[in-house]
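Results of the structural survey
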Amino acid sequence: MASRGRVEQGRVALGPTDDFCDLVIHVLAHVPLPEPGNLHDPRYVAWARAHMPASEVRWLYEGAAVFERAWAAGVPPVVHAWPELFGSIEAFMSSAVSELAQLCADDVQAPEILRRAQTMGGPDLELLHATLGALAPWYSQWRAQTVGPWLRESIAAVQPWIDEAQRVLPSLDRVALELAWPLGAHGRAFARRIVVGAPGGWNGLDPCVAAVLFMHERQVRDCGAANYVEAEWSALTGLAVQIRGASARLREAHRAWVASLELSSLLEALGRSGRIAAEDHEALLHDPEGRAERLAVARS
């Protein structure tokens, strides 16, 4: 399989994310969660079930039901960082037989995330650790044999659009860019990498939209905002301006992506804080086709 995302001679080269990151997202994609941070996608759930052995289906669905109840009022922030805890399933497996509370800093790739998880504690986080351990042997083999070729095809399809996106948003070259098979039309920005969904048969994602997702997550990182509302608003409006310098194809992908977003909670929060006027709130909510231009105007 291709190596992970990297920068080569000024060109941002895509790669697949590691299999542990993919495994964590695979589990979280089965859990309906409050926004922001919800990765649940019924299309992926149905697709994945057709590929999973019965025992793995049972373990995953039992765990997902517990997580949905436990996190109904809000997802522990450390859960969103879980993909960084280990760098591969191989590295994870020696720790999978131990309880989360028993692990030490040398066992993991990200000791600070482990410390946060252990400080919070709770049966839900122990169950997440155990569920990942139960699924890991099957997932590692299945991903390498079945998903690997699809990921390579996705990388080849997205790379040309990353080349253009880098010209529009040069800061993309400061971080590794990776594709995750279960992530769909979502993205995640971590300390040293940005991960977005790989276009594939189960999601019908346009490769051009994957490039837009990378740009959006980079804008989230670049803005330096202290909270989700400010970060998302800054990224949405900033990219709406930047994308004006892109090709018609990339601009159209951005327009379609922005139109597809569920923005009601974000707009409500912005309205309460006085960041947007009532007229803009209504237009952004009820005229999705005109969002891209209105977001650009809001920035300027």
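In what follows, the structure referred to is the one given above.
Thresholds applied
Residues numbered from 1 in each chain as written. Predicted model: local features only at pLDDT ≥ 70, side-chain atom pairs only at ≥ 80, totals over all residues. Heavy atoms only, no water. Buried < 20%, exposed > 50% of the residue type's maximum accessible area, 1.4 Å probe, protein only. Helix = DSSP H or I, 4+ residues; strand = E, 2+ residues; numbered from the N terminus. Contact = heavy atoms within 4.5 Å. Pairing = 2+ DSSP bridges. Axes fitted to C-alpha atoms, helices over the stretch in contact; angles between N-to-C directions. Parallel < 35°, antiparallel > 145°, perpendicular 65-115°, else oblique. Nonpolar A, V, L, I, M, F, W, Y, C, P; charged D, E, K, R; others polar. Salt bridge = Lys/Arg side-chain N within 4 Å of Asp/Glu carboxyl O.

Describing helix α12 (residues 278–286)
By the burial criterion, the buried members of α12 are H281, A283 and L284. On the buried face of α12, the contacting elements are α9 (228–242), α11 (264–272) and α13 (291–299).

Observations regarding the pairing of strand β6 (residues 193–197)
When you tally the buried positions in β6, you get five out of five residues, the bulk of the element. Sheet analysis places strand β5 (residues 187–189) next to β6, joined by three bridges and oriented antiparallel. Among the inter-strand pairings, A189 is bridged to a residue of β6, identified as I194. Counting the residues that bridge the hairpin from β5 to β6 gives three residues.

A few points about the sheet that holds β6
Taken in spatial order, the four strands of this open sheet run β3-β4-β6-β5, and their pairing is mixed. Only two strands of the sheet have a single partner each, and these edge strands are β3 (15–16) and β5. Sheet strands touched by helix α8 (residues 207–223): β4 (176–180), β5 and β6. Its angle to β6, the strand with the most contacts, is close to 145 degrees.

Some details on the packing of α8 against helix α10 (residues 248–260)
Running from N to C, α8 and α10 cross one another at 75 degrees; their axes reach a closest spacing of 9 Å. When the axes of α8 and α10 are compared, the pair comes out roughly perpendicular. Residues C208, V209, A211, V212, L213, M215 and H216 of α8 touch α10, and the partners they reach there are R249, L250, A253, H254 and W257. Residues that form the contact of α8 with α10 fall into these classes: nine nonpolar, two polar and one charged.

Some remarks on the pattern of salt bridges
A full pass over the atoms with the stated rule returns 14 salt bridges. The closest approach of N and O atoms between E230 and R275, which form a salt bridge, is 3.1 Å. Taken as a pair, E230 in helix α9 and R275 in the loop between α11 and α12 lie far apart in primary sequence, 45 residues in all. On the basis of relative accessibility, which here comes to 26%, the residue E230 falls in the partly exposed class. For R275, a relative accessible area of 38% translates into the label partly exposed. The partner of R294 in a salt bridge is D280, and the shortest N-O contact between them spans 2.9 Å. Placement of the pair is R294 in helix α13 and D280 in helix α12, with a sequence separation of 14 residues. What you see here is one network of salt bridges that share partners, running through D18, E84, E178 and R193.

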